[in-house]
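Architecture and fold: a report
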Amino acid sequence: MPPADFAADVWSRAPLLTRAADLPRDFADLFGTAAVDELVARRGLRTPFARMARDGATLADRTFTLGGGVGATIGDQLSEDRVLRELATGATLVLQALHRTWSPVQQFSADLANDLGHPVQVNAYVTPPQSQGFSDHYDVHDVFVLQVTGEKRWRIRPPVLEAPLRDQPWEQRRDEVARAAETEPLIEATLSPGDCLYLPRGWLHSATALGGTSIHLTVGVHTWTRRHLVDALLSRVGARLAGDVEARRSLPLAVGRSGSSTIEADDDVRLVRELVEKALRDVGADEVTESLRSAVRGAQRAEPLGVLAQTRQADDETSPWRLRGGLAAHWDDGEGEDAVLVSRVGTLVVGPLEREAVAEVLDGIRDPSELDHELRRRLALAGLIVPADVREA
């Protein structure tokens, strides 16, 4: 499906099941059985990077974790032996935040987040045959389900709450979800390797593994919503009113007196409403966008870099460089002649004679390898550029 059609007709509106035959490739390069075994047995993963569930109930951490042994004085590392026992009795293993722990998924999720403009997380669900890890529920983020191995039978039902926010999880509506789960599914389909299912947030779903062990990736898209704009707008209004002496004045005496049946503040409420209405009209779209920037920066991390390789090559005058991916950088001019570049990797003060060159690097119209050596070294040690031979996430 062309991206423009997906954006117009499917995104945040309706489920979409796409079969492997209609996609250009499968997902075997992202994840598989060998990746599960590597993460469980050899990476020292701890909770909450993993959890297990059976028949809709999450298992206690102690049932699948163990102490790390000598030199690793922690008590919640994954135990492959305990995970094996739980899988053998029908439990589902969830490997969480693979966008932080598994390199192919890390690169894929960074590319996807850049394309979508919304933060992305990735979990893997490993379910034994004929088992169901979680009962009917809905997510507060959009998901792409990528079937990697095995088969899973999915049942999809319409929302009980359309477009839920992060603070409106399905647990708040257990009775409604349980009643909806008794109705006929809108979609009931078996996903095979290479199939992809898109679900907007709020759509009810449950799934059961069929003949063999099923592994699927759930790509969670944590969408920015109009509610985020509301919060950003009200934040700017509050900041403006802090500078208004009328908004700072005290309320009358006894307005909050214990036992009082009325609050004699009608005039104050009217005045504050007028002040807020004026501030709302005065706040520009650019101010709202500025308020969201810190949230956007904190929602994801920049492309990984090799610390030692970066340090070594920073002093090499012949090394080729490129802009690091996922910086979410912008200029904060502040005061004085210097400019401050703010990004996911911190801040960097740039002199007036350097700003144009750095801006051209950020805009992709100048190769950072062409910069003056000292400026290039500063950008490298600040983590803004990386060696050109490193694959971009």
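Our focus in this paragraph is the side chain of R324. By the element assignment, R324 lies in the loop between β14 (321-323) and β15 (330-332). As a buried residue without a salt bridge, R324 has its nearest oppositely charged side chain in E303, at a separation of 5.5 Å. Engagement of the side chain of R324 in a polar contact is seen with the backbone oxygen of E303, the distance being 2.6 Å. When sequence neighbours within four positions are dropped, the list of residues in contact with R324 reads A302, E303, P304, L305, V345, G383, L384, I385 and V386.

Moving on to the side chain of D142. For D142, the location among the structural elements is in strand β8 (residues 142-149). A polar contact is formed between the side chain of D142 and the side chain of Y198, at a distance of 2.5 Å. A polar side-chain atom of D142 sits 3.1 Å from the main-chain amide nitrogen of R201. Once residues lying within four places of it in the same chain are set aside, the contact partners of D142 are W11, S12, Y198, L199, P200, R201, V219, G220, V221 and T223.

Comment: phi is negative for the bulk of residues other than glycine, and the bulk of peptide bonds are trans. Here the amide bond leading from T47 into P48 is cis, since omega sits at 10°, within 30 degrees of zero. Relative to the elements of secondary structure, P48 occurs in the loop between α2 (33-42) and β2 (50-54). With a phi angle near 55°, A97 is a residue other than glycine that sits in the positive phi range.

Moving on, we come to the sheet that holds strand β3 (residues 57-58). On the basis of which strands lie adjacent, the open sheet formed by 8 strands has the order β1-β11-β8-β13-β7-β6-β2-β3 and antiparallel pairing. Single-partner strands in this sheet number two, and they are β1 (16-18) and β3. Taken strand by strand, α2 contacts β6 (92-95), β7 (120-127) and β13 (214-221), and its axis lies near 80° from that of β6. Its contacts with the sheet put helix α5 (residues 103-116) on β7, β8 and β13, and the angle it makes with β7 is roughly 135°.

The next thing to look at is the pattern of salt bridges. Going through the model one piece at a time under the given rule, you end up with 20 salt bridges. A salt bridge links R46 to D76; the shortest N-O distance between them is 2.7 Å. Residue R46 is found in the loop between α2 and β2, and its partner D76 is found in the loop between β4 (65-66) and β5 (77-78); the two are separated by 30 residues along the sequence. Note on D76: relative accessible area 16%, which makes it buried. In this structure, R322 engages E303 in a salt bridge whose closest nitrogen and oxygen atoms are separated by 2.6 Å. Separated by 19 residues along the polypeptide, R322 in strand β14 and E303 in the loop between α10 (285-299) and α11 (307-314) bring together distant segments of the chain.

Basis of the calculations
- Residues numbered from 1 in each chain as written.
- Predicted model: local features only at pLDDT ≥ 70, side-chain atom pairs only at ≥ 80, totals over all residues.
- Heavy atoms only, no water.
- Helix = DSSP H or I, 4+ residues; strand = E, 2+ residues; numbered from the N terminus.
- Buried < 20%, exposed > 50% of the residue type's maximum accessible area, 1.4 Å probe, protein only.
- Lys, Arg positive; Asp, Glu negative; His and termini not counted.
- Salt bridge = Lys/Arg side-chain N within 4 Å of Asp/Glu carboxyl O.
- Polar contact = N/O pair within 3.5 Å; in protein donor to acceptor, adjacent residues only side chain to side chain.
- Contact = heavy atoms within 4.5 Å.
- Pairing = 2+ DSSP bridges.
- Axes fitted to C-alpha atoms, helices over the stretch in contact; angles between N-to-C directions.

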